[in-house]
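Geometric and topological summary
What follows is the residue order along each chain.
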Amino acid sequence: MNAPSSSTTSAVRKASLFYFVFVMFSYTTGGPFGLEAMVTTSGPGMTLLYLLLIPFFWCIPVSLVSAELTTAMPVEGGFYRWSRAAFGDFWGFLAGWWNWSASFLLGGSYAVLFTDYLTFYFPQIVGWKHWLVSFILIALIAWINIRGIQMVGKAATVFEIFIFIPVIAMIVLGLAKWHHNPFVPLVPPNQAFSKVFGVGLALGLWLYSGYEQLSTVAEEVENPQRSYPRALALVVPLSIAAYFLPTFAALAALGNWQQWKDGYFSTAALLIGGPWLGNLMTIAAMVANVALLNSTVLTTTRMPFALAEDGYLPPFLTRRHPRYGTPWIAILISAAIYASLALHSLGDLISIYVWLRAATTVLTVLSAWGMRRKHPELPRTYRIPGGNLGLVYVIAMPLAMTYVVLRYSDPIALRWGPWALAAGPVVYFVVKWFAKRAAQKADKAG
């Protein structure tokens with residue numbers, strides 16, 4: 001299965017369970033920010049139901065699969081190498097390539113969103129100044145990641161504790177001022193079904209994605225066979241609470257669901273708690289984007305490293321930092337791509353990201369079946385509960401959700417999403433062709 005040897009990872013400074021939990025929460029959730037538009041699009045009642053129910057169709061099955069496969073095969077590259085071991089080189093490559101491609105859309109957007117919030121206090125940050133701030137942030141986060149997962153974990157812990165302060169304060173104050181039924185109306189009146197159902201569902205899928213991502217750094221975590229399942233057991237319910245409770249409290253206190261839009265949690269905090277809470281929530285939203293970028297760089301830059309180790313990308317991407325043991329070349333190249341994309345507004349591209357993310361997730365959950373069939377001998381200190389019925393559940397629910405969300409994608413995603421997926425096979429066959437030519441030249445030279 002071509003797992004890297006332990007000697008290649010001996011220099012890596014490993015993260016404890018405590019810091020790993022914060023890194024995972026930082027990547028998968030970060031805070032409640034980003035869901036506000038769902039309230040006006042799908043309605044307050046439907047939004048709250050989505051936040052409670054989508055996990056049973058999406059992130060809980062993915063978490064159970066990730067927990068089992070991490071205990072069976074705790075290697076750098078995680079779900080990419082699971083897919084490769086289960087279904088062969090082609091599908092394994094697609095899992096890795098689609099994931100790395102999707103990260104480009106996220107990394108740049110988090111830096112842009114941070115700078116957008118900053119312009120609330122410094123409106124003169126426009127044009128090239130806007131990009132420069134985004135670039136400096138990406139460079140800082142790249143430096144933290146080169147220092148290793150311990151540094152990333154400590155930064156994530158500080159970020160998330162700060163974010164919790166205004167969020168918890170708004171929940172407490174909002175519930176104390178409960179004057180409205182937060183579930184009414186269930187859906188917006190006079191809206192097309194596809195807009196109410198599909199757009200909100202796609203956003204919910206994005207919110208609850210990424211629980212398999214931290215498998216890419218399994219070799220950088222202390223005792224991953226034990227730590228990964230425990231971290232998932234803590235992070236999944238914490239993520240549900242982080243989305244549901246502040247939304248519920250704000251709607252119960254204010255009842256003004258028609259006014260919700262991107263960034264509305266800052267306004268809600270201002271109306272519920274006054275200027276001190278509004279300003280603190282705005283700063284927390286900025287910090288959340290930093291935390292998301294921080295953990296995104298950690299998880300996705302191990303993908304080109306693993307692909308290069310397996311011969312699909314240039315070998316220089318496998319170079320580790322001599323002091324910190326991190327794939328610093330892969331980190332710098334990924335950061336450069338994020339910075340180039342920070343020149344643009346990436347809002348529309350998030351919907352394309354969902355296609356790439358859904359495809360990767362489908363391969364991940366199918367790998368649970370494939371690995372049991374091809375490699376039943378691997379020790380599994382954690383197994384998906386429920387036997388064969390449990391295995392059917394963790395595969396069927398994400399497959400059904402993927403079909404629904406892609407079926408009801410917005411026009412931009414329907415146009416460009418298939419092309420984003422199709423690029424993967426093209427790159428694979430180009431890589432194989434170059435590898436074949438290189439082998440033929442080597443044979444002639446020999």
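In this text, all values refer to a predicted model and were calculated from it rather than measured experimentally.

1. A word on the overall build of the chain
What the chain contains, in helices and strands, is 17 helices and zero strands. Relative to its 446 residues, the chain shows a buried fraction of 58%. Accessible area for the chain stands at about 18,000 Å²; split by element, carbon and sulfur atoms hold 69% of it. Of the charged side chains in the chain, 29 are positive and 17 negative; the average position of the first set lies 3 Å away from that of the second.

2. Observations concerning the pattern of salt bridges
According to the stated counting rule, one finds nine salt bridges in the structure shown. Where Glu68 meets Arg372, a salt bridge forms, and the shortest distance between an N and an O atom there is 2.8 Å. Of this pair, Glu68 sits in helix α4 (residues 59-72) while Arg372 sits in helix α15 (residues 349-374); the two residues are 304 residues apart in sequence, bridging distant segments of the chain. For Arg372, a relative accessible area of 16% puts it in the buried group. Residue Glu212 pairs with Arg357 through a salt bridge whose shortest N-O separation is 2.8 Å. Taken together, the residues span a long stretch of sequence, with Glu212 in the loop between α9 (193-207) and α10 (224-254) and Arg357 in helix α15 at a distance of 145 residues. Of the residues examined, Glu212 reaches a relative accessible area of 1% and is grouped as buried. Members of the salt-bridge network, linked through shared partners, are Arg81, Arg84, Asp89, Glu309 and Asp310.

3. Digging into helix α11 (residues 264-273)
Looking at α11, one finds that the buried residues are Tyr264, Phe265, Ser266, Ala268, Ala269 and Ile272. Against the buried residues of α11 lie α2 (36-42), α6 (89-118), α8 (149-176), α10 and α12 (275-300). Following α11 by one or two positions, Gly274 adopts a phi angle in the positive range, close to 100 degrees.

4. Focus: the packing of α4 against helix α16 (residues 387-407)
Taken N-terminus to C-terminus, the directions of α4 and α16 make an angle of 135 degrees; their axes are 8 Å apart at the nearest point. Between α4 and α16, the angle is such that the two are oblique. Handedness of the α4/α16 crossing: left-handed. In this structure, α4 uses Ile60, Pro61, Leu64 and Val65 to contact α16, whose residues at the interface are Tyr393, Val394, Met397 and Pro398.

5. Some thoughts on the nonpolar core
Counting residues in hydrophobic clusters, the biggest one holds 147 residues, and the most contacted among them are Met170, Tyr208, Leu214 and Leu293. The element best represented in this core is α6, accounting for 16 residues. Setting aside chain neighbours within four positions, we find Leu214 in contact with Phe20, Val23, Met24, Tyr27, Tyr228, Leu298 and Thr299.

What counts as what
Residues numbered from 1 in each chain as written. Predicted model: local features only at pLDDT ≥ 70, side-chain atom pairs only at ≥ 80, totals over all residues. Heavy atoms only, no water. Helix = DSSP H or I, 4+ residues; strand = E, 2+ residues; numbered from the N terminus. Buried < 20%, exposed > 50% of the residue type's maximum accessible area, 1.4 Å probe, protein only. Areas by Shrake-Rupley, 256 points an atom, 1.4 Å probe, with all protein chains shown as cover. Lys, Arg positive; Asp, Glu negative; His and termini not counted. Charge placed at Lys NZ, Arg CZ, Asp CG, Glu CD. Salt bridge = Lys/Arg side-chain N within 4 Å of Asp/Glu carboxyl O. Contact = heavy atoms within 4.5 Å. Axes fitted to C-alpha atoms, helices over the stretch in contact; angles between N-to-C directions. Parallel < 35°, antiparallel > 145°, perpendicular 65-115°, else oblique. Left-handed = near helix turned anticlockwise from the far one by under 90°. Core = buried A, V, L, I, M, F, W, Y, C linked by side-chain atoms within 4.5 Å.

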